[in-house]
Structures are given as C-alpha cells and as structure tokens.
Amino acid sequence: MKNIAVVGCGMLGSRHLQSLVDLSGSCKLFALDSYEPSLQRCRSILEDSPKHGVPVSYIHRVEDLPRQLDLVVVATNADIRAGVVRSLLDHAHVEFLILEKILFQSVHEYYDIGARIEKAGAKCFVNCPRRMYPFYQELFKNFASDPLQKVSVKGKGWGLACNGIHFIDLMAYLGRTSLKKIHGDQLHAGFIESKRTGFLEVNGSLGIEYESGMQLTIACEDSLQADLEIDIQATHSHWSIVESQGLCKVKRQGQEQEELVRFQTLYQSQLSKKFAEDLLTRDTCELTSYAESTSLHLSFIEALMQHFTQFSTEALDRCPIT
C-alpha cells in the first residue's frame, strides 16, 4: 500500500487530488488542511468527478498522517510552507516530496529545508509543470541544435511575482542552462496587492541573464483580464506562442512560409498522476529538482526583495509573494 498525501487543499491542492485519485495500484490518499471548508470543497469536487478507486482520508493535522509516506505534495502558501515541510520530515519518513512554488519567502529557509531534505534522504522536486508539457518537450529537442538567443514573456494581469518563476524555469530547461543574473531596475515603482490576501504583486519587467548568454525579459502590466505571449528567438528560428489559445507560429531560417503549430496546455489535474506514477515506478520525474529550483528561486526573490524594500515603509525580512 502506497501512502500519498496532499498538504494544503485549496484551489491548487484540489487539482492535485483530482488527478491522484485516478492512480492505479494499491494506494491510499490523505487530504490534509487545517481549514475545514477547504476539505469540504475537495470532497464535493471528488464526489462530482467520475468514480475512482483510491480511498481518500480527510485530516487536519500532520500528526494524523502515517509514519511512512511514499509521496507528499505540499500545496500550501509560501509563507507557511517551510514550517509544514519541517513538521512532515519530523513526523514521518518521506520518500518523495513535491513542493509548490514560490517555494519559500526567506533566503535562509531554502538552505535550511535543503539540508533537512538531504538529511531525511527524501527526493524533492518543484512543481514548475511546463517541463511536463509534450509541446515544450518537443521544443527542448529542437533547441538542442538551435540555441536560444533572446526570449520575452509579456502580457497583462498574469502575476509577475507569483508566476514569473515558471518562465525563468522553463527557459533554463529549454536552453539547457543555469541562471546568471536578474535585473529588477525596470519594475514599476511601488507594488500592488495580490489577488491572494496578504501577498504582494509587481508590474513592469525583469531582465534575466543565463550562463549560456541567453537573455529573457518577463513583463507584466496591470489588468483585470490576463493575457500572455511568449516570443522566442533562437539561432535559426523564431517562435511566437500564445498558451491560452494553444497556438504557436514558427518561422525557420531559409523558409518563406510561417508554420502554424497547435498544442494542448495541460492542467494540474492532468499532470499530478503522471509525476506520481513516474516517481513510484522510476524514482524520478520530469519536474525540476529542488537543487536546481533553489538556485532559480533565490535570484528571483532577492531581486524582488530589493524592489519591495525600496518602496516599503517597514523593514522586510521576507519576500511577501506566493
């Protein structure tokens, strides 16, 4: 019997649950949240879903989990995630951990949790799921012989602070490279309240340099309606991607005609079962390792912390994003 837990059963956690209940084999699923209405909502979602074979226990405390856990997905907000991971590792032997992003809000938590994970012997991955999309996996193969040069991710209302790490991670993956530097001097003055209560957002743009020489710009303007376009200039091709439409226009060097590629943007409820099956059968998955994601996260939150500190009337020791 495999014991699998989802800790944090809000909007995202419920999507993980929707996917994991479709696992085959001998599994038991635990949905953990201290907030009873979140658990009730998950019950309702699963009751309205097609029948599934994995039993689900709804619990409120880490101490109610088994002492042996094969897989745990931590889908809490970033401000409490480090404490949740500490409690989990103190309570149980955890084989595999999947952590949501933004991982943590303070620099020391990245090193502390990294050391605890290593000591516990757990394997940890971070849920930046575009690495699992078949479309981006095909692009990864293409860019092996067509190196990336310049990329922009631009739009309105898409949440740069909350979601920027997704694209920083994606380009590290597609470019087979690591991060060099993030520049935050083009962010708009001040900050705005996030859609998630108690957290902050920013508009403007970040400039990201990678060790390969690739440059990425991620930019967001204020809007009630989100839109986003990804523009990729490689050495021998140009790609314009609109994920919301599942549409990509490709212009290759030496070709007069532009290609039109259609693709599917996958939801979390389509992905969690896949990474769970991979971990439980192959001991690895397609998501970003904790070590690699830490290096991307630290540069990102440090750039945002500099910005928040500049415009805050209070001293900040944490980056208030999630």
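Structure report, in brief. Quick caveat: nothing in here was measured; it's all calculated off a predicted structure.

1. Looking at the overall build of the protein
Point 1. Each helix and strand in the protein was counted, giving eight helices and 17 strands.
Point 2. Its C-alpha radius of gyration of 20 Å places the protein within 12% of the 20 Å reference for a compact globule of 322 residues.
Point 3. Here the C-alpha coordinates of the protein stretch approximately 60 × 50 × 40 Å along the principal axes.
Point 4. With 322 residues in all, the protein has 52% of them scored as buried.
Point 5. The long-range share in the protein, meaning contacts at least 24 apart out of those at least 6 apart in sequence, stands at 71%.
Point 6. About 15000 Å² of surface is accessible on the protein, with carbon and sulfur atoms providing 48% of the total.
Point 7. Of note, the protein has its 33 positive side-chain charges centred 3 Å away from the centre of its 40 negative side-chain charges.

2. Comments concerning the state of the cysteines
Point 1. Using the criterion set out here, one finds zero disulfides in the structure.
Point 2. Here Cys42 stays unpaired: no disulfide links it, and the sulfur of Cys9, its closest cysteine neighbor, is 4.4 Å away.

3. Thoughts on the nonpolar core
Point 1. Ranked by internal contacts, the top residues of the largest apolar core, which has 108 residues, are Leu97, Ile168 and Ile232.
Point 2. With ten residues, the top contributor of residues to this core is helix H6 (residues 160-174).
Point 3. Not counting residues within four places of it along the chain, the set of residues in contact with Ile232 comprises Leu139, Phe143, Leu148, Lys150, Val151, Met171, Leu174, Ser237, His238, Trp239 and Ile241.

4. Regarding the sheet that holds strand S12 (residues 215-221)
Point 1. One open sheet holds the eight strands; their spatial order is S8-S11-S12-S7-S13-S14-S15-S16, and the pairing between them is mixed. The open sheet terminates on both sides in strands that have one partner only, identified here as strand S8 (179-183) and strand S16 (259-262). Neighbour to neighbour, the strand axes of the sheet diverge by 15° on average, direction disregarded.
Point 2. Strand contacts of helix H5 (residues 134-142): strand S13 (227-234), strand S14 (237-242), strand S15 (247-252) and S16, with the helix running at about 170° to S14, the strand carrying the most contacts.
Point 3. Contacting S8 and strand S11 (204-210), helix H8 (residues 290-311) runs over the sheet at an angle of about 15° to S8.

5. Brief notes about the sheet that holds strand S5 (residues 93-99)
Point 1. Reading across from one edge, S3-S2-S1-S4-S5-S6-S17 is the order of the seven strands in this open sheet, with mixed pairing throughout. The sheet is open, and its two edges are formed by strand S3 (56-59) and strand S17 (288-289), each paired on a single side.
Point 2. Contacts from helix H1 (residues 11-20) reach strand S1 (2-7), strand S2 (27-32) and strand S4 (68-74), with the element oriented near 155° to S1.
Point 3. Contacts from helix H7 (residues 268-282) reach S1, S4, S5 and strand S6 (123-126) within the one sheet, and its direction differs from that of S4 by about 150°.

6. Some points on unusual backbone geometry
Point 1. The residue after Lys101, namely Ile102, is reached through a cis peptide bond having omega -10°.
Point 2. Mapped onto the secondary structure, Ile102 falls in the loop between S5 and helix H4 (107-120).
Point 3. Phi at Arg176 takes a positive value of approximately 50°, unusual for a residue other than glycine.
Point 4. Along the chain, the position of Arg176 falls in the loop between H6 and S8.

7. Details of the pairing of S13
Point 1. Burial along S13 is one-sided: the face carrying Leu228, Ile230, Ile232 and Ala234 is buried and the face carrying Asp227, Glu229, Asp231 and Gln233 is not.
Point 2. Where strand S7 (residues 148-156) lies against S13, eight bridges are found, and the strand directions are antiparallel. Across the sheet, the residue bridging to Gly155 is Leu228, located in S13.
Point 3. Of the strand pairs in this sheet, S13 and S14 are connected by four bridges, and their pairing is antiparallel. In the strand pairing of S14, Asp231 is matched with Ser240.

8. A word on the environment of Ser312
Point 1. Within the fold, Ser312 resides in the segment after H8.
Point 2. The exposure class of Ser312 is partly exposed, given its relative accessible area of 22%.
Point 3. The spacing of Ser312 and Phe140 is 172 residues in sequence and 40 Å in space, taken between C-alpha atoms.

9. Some words on the pattern of salt bridges
Point 1. This structure, assessed with the given rule, holds 13 salt bridges.
Point 2. Its salt-bridge partner being Arg61, residue Asp64 comes within 3.0 Å of it at the nearest N-O pair.
Point 3. On the accessibility criterion, Asp64 (34% relative accessible area) is partly exposed.
Point 4. A single salt-bridge network, built from bridges that share partners, covers Lys274, Asp278, Arg282 and Glu286.

10. Considering the side chain of Lys101
Point 1. Secondary-structure assignment places Lys101 in the loop between S5 and H4.
Point 2. No salt bridge is formed by the buried Lys101. Its closest oppositely charged neighbour is Glu100, at 5.5 Å.
Point 3. At 3.1 Å, the side chain of Lys101 and the backbone oxygen of Cys162 are in polar contact.
Point 4. Dropping the residues within four chain positions of it, Lys101 is found in contact with Arg81, Val126, Asn127, Cys128, Cys162, Asn163, Ile165, His166 and His297.

What counts and what doesn't
- Residues numbered from 1 in each chain as written.
- Predicted model: local features only at pLDDT ≥ 70, side-chain atom pairs only at ≥ 80, totals over all residues.
- Heavy atoms only, no water.
- Helix = DSSP H or I, 4+ residues; strand = E, 2+ residues; numbered from the N terminus.
- Rg over C-alpha atoms; globule rule 2.2 N^0.38 Å.
- Buried < 20%, exposed > 50% of the residue type's maximum accessible area, 1.4 Å probe, protein only.
- Contact = heavy atoms within 4.5 Å.
- Areas by Shrake-Rupley, 256 points an atom, 1.4 Å probe, with all protein chains shown as cover.
- Lys, Arg positive; Asp, Glu negative; His and termini not counted.
- Charge placed at Lys NZ, Arg CZ, Asp CG, Glu CD.
- Disulfide = S-S within 2.5 Å.
- Core = buried A, V, L, I, M, F, W, Y, C linked by side-chain atoms within 4.5 Å.
- Pairing = 2+ DSSP bridges.
- Axes fitted to C-alpha atoms, helices over the stretch in contact; angles between N-to-C directions.
- Salt bridge = Lys/Arg side-chain N within 4 Å of Asp/Glu carboxyl O.
- Polar contact = N/O pair within 3.5 Å; in protein donor to acceptor, adjacent residues only side chain to side chain.

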